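Topology and contacts: notes
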Amino acid sequence: MSRSDEEYEADAKVLKQAMEGWGTDEEPMILLTVMRSNDDRQQIMKFYKSSYGEDLMAELKDECDDDFGKVIVGMFRTPCDFDCYQLNKAMKGGGTNEQVLIEIVGSRTNVELEAIKPRYNELFEIELEAHVMDECSGDLKRLLVSLLQCNRSSDDNEVDEEKCNKDLADLYEAGEGTWGTDESTFHKIFTNRSPKELRFINNEYAKSCGKTLREVIDDEFGGDIKELLKTVLHSILNPADYFATRLREAFAGLGTNDNDLIRVMISRDEIDMQEIKEIYLARYKRTLYADIDDECSGDYKKILLGIAASDIKSKKEEEVVVQKVLPPQFSNGTNVFTKEGVTVD
C-alpha cells in the first residue's frame, strides 16, 4: 500500500533526528528501515533531500559503520543498485571474489540482469561484461559472459518436449556417456534454455538416467565452473532453497561470513524470505532467526533480525518482533512505530 507524502516526510524526520548531534540513535533507524519497503525507502530519500538539503545515503555512510553500516546502506539502495555494487566490490582491487559473481549472475533472471547491465555501466563507467572478461578466465569467464547475454528462452512459451528430450540425450552423451566431459554442451543448454525447459530436462533426466543433473555436474566438473552450473540449476529449480543453502554456508565453520550473510538477507528481502525461513527450519532444524541471534551481535544483529522478521503477516506477530528487536521506548522519544505509520513526539 502506497504511503502519503506526509508519512514519508515524517519518516525522513525520524532519520534526521536519529543522526543529529553527537553520536547516532540506531534504534529508530533500524525499525524504520526494516518496516518500510524498498519503494518506501526510495521515497524517504527524496523527502530527506527536499526537507534538509542533504543526501541521505551520504549521511548513512557517514554515521553508520562496520557491518551495521553495510546493512543499512544496502537496504536503502534499489535491488538493482545493490547487485551492481556487490558485483563491483567483487572485482575491484586485488583479486576477484568469484563466488559473488557466481551467486549474482547465476541466480538472477533475464529481466534482472538486463536491468543490471546498463546501470553497472552508469555507476562505474565500464560495461559489466568487459569487467568480467578482465577479471575472470577460462570456462568460468565464458559461462558468465554467456549468461550476461540474457538469451534464455521465455518462460511464457510452452515446453518443446522434442527439443528438450534431444537436449537430455545431448547432456548424457556430453557427460556420463563419454570419456571426459564436453563442457560446451552443458554451457549451451544452461545459458539458452528457459527455466521451464531446464526444469523439464532435469526431471526427465532423473527418470531416464537415475541421476539428477546436479549429481552429474558434481561428477563431471570441478572448480568455479561446477559451482556456476550448480547455481544456475539450483536457483532455477528452487530459488528459496538455493538461498537458504547460501545462508547456512555463511554461518558454517569458524566465524561467520558476514558479507555473504548481508548480501543474501538484503537481496531476498521482499522476494522469498518467508519461504527461505521455512526451508531453513525444515532442513537445518534451527530457525534463521536463532542462527542470527547466536552468530551476530549489537545493532548489526538487531537489523538482521528485523529483516528476518519483516515479512510477518499479523499485527500480533509484528508487536512481538518490535519488542524482541528493540526496547519498548526509543531514546529519542519515538513511541509509535508500525507499518501503518510513525509518530514523532
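See the structure printed just above.
Quick look at the structure, then.

What counts, and at which threshold
- Here the residue numbers are simple positions, counted from 1 along each chain's written sequence.
- In view of the model being predicted, local features appear only for residues whose pLDDT reaches at least 70, and side-chain atom pairs are presented and counted only at 80 or more, with totals across whole chains, interfaces and linings using the full set of residues.
- Excluding hydrogens and water, the side-chain values take into account all heavy atoms of the structure.
- Each helix is a run of DSSP H or I of at least 4 residues and each strand a run of E of at least 2, with the numbering of both proceeding from the N terminus.
- We call two residues in contact whenever any of their non-hydrogen atoms come within 4.5 Å of each other.
- Here the open area of atoms and residues is found with the Shrake-Rupley method and a 1.4 Å probe, where only the protein chains shown may cover a residue.
- Buriedness of a pocket was judged along seven lines, with at least five required to meet protein on both sides within 12 Å; pockets are open sets of points on a 1 Å grid over the protein atoms alone, cavities are sets where a 1.4 Å probe fits but cannot get out, and lining residues have an atom within 4 Å of a point.
- Grid points are joined across faces, edges and corners, and a volume is the space filled by probe spheres set on the points.
- Three classes are used: nonpolar for Ala, Val, Leu, Ile, Met, Phe, Trp, Tyr, Cys and Pro, charged for Asp, Glu, Lys and Arg, and polar for all others, with Gly counted as polar.
- One side-chain nitrogen of Lys or Arg within 4 Å of one carboxyl oxygen of Asp or Glu is enough to make a salt bridge.
- Relative accessibility decides the category of a residue: with a 1.4 Å probe and only protein chains considered, values under 20% of the type maximum give buried, values over 50% give exposed, and everything between is partly exposed.
- Working definition: a ring pair exists when centres of Phe, Tyr or Trp rings (six-membered ring for Trp) sit within 6.5 Å. Plane angles under 30 degrees give stacked, over 60 give edge-to-face, the rest tilted.
- As used throughout, the charge tally considers Lys and Arg to be positive and Asp and Glu to be negative, leaving His and the chain termini uncounted.
- Any pair of N or O atoms that falls within 3.5 Å is considered a polar contact. Within protein, one atom must be able to donate a hydrogen and the other to accept it, and sequence-neighbouring residues count only if both atoms are side-chain atoms.
- Here the axes come from fitting lines to C-alpha atoms, over the contacting stretch only for helices, and the angles between their N-to-C directions go from 0 to 180 degrees.
- For this classification, under 35 degrees means roughly parallel, over 145 means roughly antiparallel, 65 to 115 means roughly perpendicular, and everything else is oblique.

Attention now goes to the overall build of the protein. Looking only at helices and strands, the protein features 21 helices and 2 strands. Pairs at least 24 apart in sequence give 68% of the contacts found in the protein among residues at least 6 apart. Carbon and sulfur atoms provide 46% of the accessible area of the protein, an area that totals close to 16,200 Å².

A word on the layout of surface pockets. Computed from the structure, the largest pocket encloses a volume of approximately 400 Å³. Among the secondary structure elements, those contributing two or more residues to the lining of the largest pocket are α5 (66–76), α6 (79–91) and α17 (258–268). In terms of residue count, α6 provides more of the lining of the largest pocket than any other element does, 6 residues in total. Split by residue class, the lining of the largest pocket holds 6 nonpolar, 6 polar and 6 charged.

Right, let's talk about the pattern of salt bridges for a bit. In a structure, side chains of opposite charge can pair up when their charged atoms sit close to one another. Considering all chains together, one arrives at 31 salt bridges under this definition. Across the salt bridge formed by E114 and K117, the nearest N and O atoms sit 3.7 Å from each other. Here K117 and E114 lie together in helix α8 (residues 110–124), a separation of 3 residues that amounts to about one turn. R142 is the partner of D139 in a salt bridge, and the nearest nitrogen-oxygen pair spans 2.6 Å. One end of the pair, D139, and the other, R142, are both in helix α10 (residues 138–147), 3 residues apart, so they sit about a helical turn from each other. Taking the relative accessible area as the measure of exposure, D139 reaches 33% and is therefore partly exposed. We classify R142 as partly exposed; its relative accessible area is 45%. Among the charged side chains, a salt-bridge network with shared partners connects E103, R246, E249, D260 and R263.

A separate point is the packing of aromatic side chains. All chains considered together, the criterion is met by 8 aromatic pairs. Plain terms: the ring middles of F186 and F221 are 5.1 Å apart, the flat faces sit at 80° to each other, and that makes the pair edge-to-face. A residue pair is termed long-range when its members are at least 10 positions apart, and F186 in helix α12 (residues 183–192) and F221 in the loop between α14 (213–220) and α15 (223–237) qualify at 35 residues. An identical accessibility class is assigned to F186 and F221; each is buried. Aromatic rings pair up to connect Y85, Y120 and F124 into one cluster.

Turning to its location among the elements, D40 is positioned in helix α3 (residues 38–52). For the buried D40, which has no salt bridge, the nearest side chain bearing the opposite charge is R3, at an N-O separation of 4.4 Å. Apart from residues no more than four positions distant in its own chain, D40 is found in contact with R3 and Y8.

Another aspect to go through is empty space enclosed by the protein. A full pass over the atoms with the stated rule returns 2 cavities of 30 Å³ or more. Computed from the structure, the second largest cavity encloses a volume of approximately 40 Å³. Taken together, R108, N110, L113, S146, L147, C150, N151, R152 and T191 make up the lining of the second largest cavity. Across the lining of the second largest cavity, the residue classes tally to 3 nonpolar, 4 polar and 2 charged.

Along the chain, D293 turns up in helix α19 (residues 288–295). For D293 and L305, which are 12 residues apart along the polypeptide, the C-alpha to C-alpha distance reads 7.4 Å. Among residues more than four places away in sequence, those in contact with D293 are K301 and L305. Here the side chain of D293 touches K301 through a polar contact of 3.0 Å, side chain to side chain.

Next up on the list: the environment of E127. On the secondary structure map, E127 appears in the loop between α8 and α9 (128–135). Separated by 10 residues in the primary sequence, E127 and K117 place their C-alpha atoms 7.0 Å from one another. For E127, the residues in contact, after removing those within four places along its chain, are Y120 and N121. Within polar-contact distance, the side chain of E127 engages the side chain of N121 at 3.5 Å.

The backbone phi angle of D66 is positive, close to 55°, even though this residue is not glycine. Tracing the sequence through the fold places D66 in helix α5. Taking relative accessible area as the criterion, D66 reaches 61% and is therefore assigned exposed. One non-glycine residue, K285, lies in positive phi territory at about 60°. Note that K285 resides in the loop between α18 (273–284) and α19. By relative accessible area, K285 is classed as exposed at 65%.

This brings us to the packing of α9 against α10. If you want to describe how two helices pack, look at the angle between their axes and the distance between the axes. Contact pair α9 / α10: the axes reach a minimum separation of 9 Å and the direction vectors enclose 175°. In terms of orientation, α9 and α10 fall into the roughly antiparallel class. Between α9, through E129, V132 and M133, and α10, the contact on the second element is made entirely by K141, L144 and V145. Grouping the constituent residues of the contact of α9 with α10 by class yields 4 nonpolar, no polar and 2 charged.

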